[in-house]
Amino acid sequence: MTAASLALHSRRFTSLLATSTSVLSRIMSTHLERTNGNTREPEVENCTVSSITDISPTVKLLQLAPERPVTFKPGQWVDFFIPQTDMVGGYSLCSDPRSTNLELAVKYSTHPPAHWVHKTCKAGEKVQVRVGGDVFLEPDSRVKVVLLIAGGIGINPLLSMIRAGVDTETKYHLLYSAATVEELIFFDDLEKLTASHDNVTVEYFITKGTVKLDNLVKANRERISPEAVNKLVSDYKSRFDESDMRCFLCGPPPMIDFLSKEIKMKCEYEKWW
């Protein structure tokens, strides 16, 4: 092996090691550590689990009834405190801020709070939440176009934005990607919203498997690409001033890393899981 080849392999190994170290650091750090610099409400609120439902093979939907009204902005998340452990979860709210109940869609993992939701939690359990987060959309922001890009469970905060804004004059355009049809959580909710509100448009992207449902013939059999997003951006920029547009991105960190660098307008996101 030549000196040049050795140098190339060394650079590749160093790059791979740096990436692996960054990923490992993110996995091993806790939710509270990752969000230490974020804004939080001072109060921890007591809630009762009013229902828990399977909405995909890997996701459960929690309905929480707070003891007193909890206010939040669409796009925010909660610290999630469960019984019998000090480990704190962090989950984006998917509910309409005008609702008296809170909704959390939790994907299965071995992380103690998520594992508890999937394996132990039942209606009537007592939990606590604390609202936090700095990326959100005020329903009365008067922005004219909101472009939303969701990957998998990242639909949660973006759905909250849509639910809060359906009765406004703002246009909401969602690009929603999932591995399979079964993992397109909230599909029925989104279809109802698009059918009943002219200001909501949804495009679906399936990255694995086949699309078998007749009502998903409009789904794209590919990942969300920068080209697809930028085509929309160009179209909206031709009709609106960029100051009247917002773009929110929520999904797996690699997806955020890639798209946020390629989209030709400012993207707003938090990357803490």
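So, here is what we can say about the structure in this document. (Residues numbered from 1 in each chain as written. Predicted model: local features only at pLDDT ≥ 70, side-chain atom pairs only at ≥ 80, totals over all residues. Heavy atoms only, no water.)

1. Considering the side chain of S95
Okay, so step 1: Within the secondary structure layout, S95 lies in the loop between β4 (89–92) and β5 (102–107).
Okay, so step 2: Apart from the residues within four sequence positions on either side, S95 is in contact with F72, N101, L102, E103, S160 and R163. (Helix = DSSP H or I, 4+ residues; strand = E, 2+ residues; numbered from the N terminus. Contact = heavy atoms within 4.5 Å.)

2. Considering the sheet that holds strand β1 (residues 45–54)
Okay, so step 1: The sheet built from 6 strands is open, its strands ordered β4-β3-β6-β1-β2-β5 with antiparallel pairing. Two strands bound the open sheet, and with one partner strand each, they are β4 and β5. Neighbouring strand axes in the sheet, compared pairwise and without regard to direction, differ in orientation by 40° on average.
Okay, so step 2: When β1 meets strand β6 (residues 126–132), the two strands line up antiparallel, connected through 4 bridges. What sits directly across from C47, in β6, is V127. (Pairing = 2+ DSSP bridges. Axes fitted to C-alpha atoms, helices over the stretch in contact; angles between N-to-C directions.)

3. A word on the pairing of strand β2 (residues 59–66)
Okay, so step 1: The element β2 is extensively covered by neighbouring structure, given that 7 of its 8 residues are classed as buried.
Okay, so step 2: Here 7 bridges tie β1 to β2, and the two strands are oriented antiparallel to one another. Residue I52 lies in a different strand from β2, and its bridge partner there is L62.
Okay, so step 3: Taking the residues that link successive antiparallel strands as the turn, the β1-β2 hairpin has 4 residues.
Okay, so step 4: Pairing of β2 with β5 involves 6 bridges; the strand directions are antiparallel. (Buried < 20%, exposed > 50% of the residue type's maximum accessible area, 1.4 Å probe, protein only.)

4. A word on unusual backbone geometry
Okay, so step 1: Its identity is not glycine, yet Q84 carries a phi of approximately 70°, on the positive side.
Okay, so step 2: The residue Q84 is located in the loop between β3 (77–81) and β4 in this model.
Okay, so step 3: The exposure class assigned to Q84 is exposed, which follows from its relative accessible area of 86%.
Okay, so step 4: A positive phi angle, close to 65°, is found at R142, a residue other than glycine.
Okay, so step 5: Inspection of the secondary structure assignment puts R142 in the loop between β6 and β7 (145–151).

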